[in-house]
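Below, each chain spelled out in residue letters.
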Amino acid sequence: MRLHIIARGKIGRSSEAELVDRYAKRIAWPFRLTELPDAGGTLPAPLAPYRDVLLDERGKQLSSEEFAALLGKWRDEGVRETRFLIGAADGHGSAAREKADLLLAFGAMTWPHLLARAMLAEQLWRATSILAGHPYHRSG
């Protein structure tokens, strides 16, 4: 299953970009990062069947183990791509939230978009590591 981060705005050359790249290189599953302008632009066509996960402050908070289990379940069900959408400064509209398969939150606090990308890339690597039985993750 391809893991695809689709984010509004350009990350450029920054310490956050270095973090995203560091974790993206570690992910053994197919991985893609797409940047769109803050407004407009067209979402790339997904590999079907797919799931859309929107990062949203109203979303569900999952433990790393729960997140890994969900990705593993979707993979085992034949989902070919999971797209993680990070909105612009004002987040996602209500239509996008209603259409999404999952709203995901990294807690009640608001996070900068660039840092959210890095945190998501790390959690994707952590989840795939958990599913592979890699010792990186330490629960409890």
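Residues numbered from 1 in each chain as written. Predicted model: local features only at pLDDT ≥ 70, side-chain atom pairs only at ≥ 80, totals over all residues. Heavy atoms only, no water.

Undergrad: Explain the nonpolar core here, please?
TA: A general feature of soluble globular proteins is that nonpolar side chains tend to end up buried together. By size, the foremost hydrophobic cluster in this structure holds 29 residues, and its most contacted members are Leu-3, Leu-71, Trp-74, Phe-84 and Leu-124. Among the secondary structure elements, those contributing two or more residues to this core are β1 (2-8), α1 (15-26), β3 (50-60), α2 (64-76), β4 (81-86), β5 (102-104) and α4 (113-132). Top element by residues in this core is α4. It accounts for 7 residues. One finds Leu-36, Leu-54, Leu-85 and Ala-100 within the second-largest nonpolar core, a separate group that totals 5 residues. (Core = buried A, V, L, I, M, F, W, Y, C linked by side-chain atoms within 4.5 Å. Buried < 20%, exposed > 50% of the residue type's maximum accessible area, 1.4 Å probe, protein only. Helix = DSSP H or I, 4+ residues; strand = E, 2+ residues; numbered from the N terminus.)

Undergrad: What am I meant to see in the sheet that holds strand β2 (residues 31-36) here?
TA: Hydrogen bonds between backbone atoms are what pair the strands of a sheet, whose relative direction is either parallel or antiparallel. Pairing within the open sheet is parallel, and its 5 strands lie in the order β2-β1-β4-β3-β5. What marks the edges here is a single partner per strand, and that holds for β2 and β5. Taking each pair of neighbouring strands and ignoring which way they run, the sheet shows an average axis angle of 30 degrees. Looking at chain direction, β1 and β2 are connected through 6 bridges and run parallel. Considered in β2, the bridge of Ala-7 is made with Glu-35. Each of β1, β3, β4 and β5 is contacted by α2, which is oriented at about 135 degrees to β4, the strand it contacts most. The strands touched by α4 within the sheet are β1, β2, β3 and β4, with β1 carrying the most contacts at an inclination of about 175 degrees. (Pairing = 2+ DSSP bridges. Axes fitted to C-alpha atoms, helices over the stretch in contact; angles between N-to-C directions. Contact = heavy atoms within 4.5 Å.)

Undergrad: Help me out: how do you make sense of α2 in this one?
TA: The terminal C-alpha atoms of α2 lie 18 Å apart, and with 13 residues this matches the ideal 18 Å at 1.5 Å per residue to within 8%. Within the sequence span of α2, burial applies to Ser-64, Phe-67, Ala-68, Leu-70, Leu-71, Gly-72 and Trp-74. Those residues of α2 that are buried lie in contact with β1, β3, β4, β5 and α4. The positive-phi residue at the C-terminal boundary of α2 is Gly-78, with phi of around 95 degrees. (Expected span 1.5 Å × (residues − 1).)

Undergrad: What's the story with the pairing of β4 in this structure? I'm lost.
TA: Of all 6 residues making up β4, 6 are buried, and the element is well covered by its neighbours. The alternating pattern of β4 places Glu-81, Arg-83 and Leu-85 on one face and Thr-82, Phe-84 and Ile-86 on the opposite face, and all of these are buried. Bridge analysis of β1 against β4 gives 6 bridges, and the strand direction is parallel. Bridge pairing in β4 links Leu-3 to Thr-82. With 5 bridges connecting them, β3 and β4 associate as parallel partners. Bridged to Asp-52 within β4 is Arg-83. Tracing the backbone out of β3, into α2 and back to the parallel element β4 gives a crossover that is right-handed. (Right-handed = clockwise from strand over helix to strand, strands pointing away.)

Undergrad: Which parts of the structure should I look at to understand the packing of α1 against α4?
TA: Helices that pack against each other are described as a pair by the angle of their axes relative to one another and the distance between those axes. Across the interface, α1 lies against α4 with an axial gap of 8 Å and an inter-helix angle of 15 degrees. By the angle between their axes, α1 is roughly parallel relative to α4. In this structure, the crossing between α1 and α4 has a hand that is left-handed. Taken together, the residues of α4 that come into contact with α1 (itself represented by Glu-16, Leu-19, Val-20, Tyr-23 and Arg-26) are Leu-114, Leu-115, Arg-117, Ala-118, Ala-121, Glu-122 and Trp-125. Considering only residue class, the contact of α1 with α4 consists of 8 nonpolar, no polar and 4 charged. (Parallel < 35°, antiparallel > 145°, perpendicular 65-115°, else oblique. Left-handed = near helix turned anticlockwise from the far one by under 90°. Nonpolar A, V, L, I, M, F, W, Y, C, P; charged D, E, K, R; others polar.)

The quantities given are spatial measurements derived from coordinates; they are silent on function.
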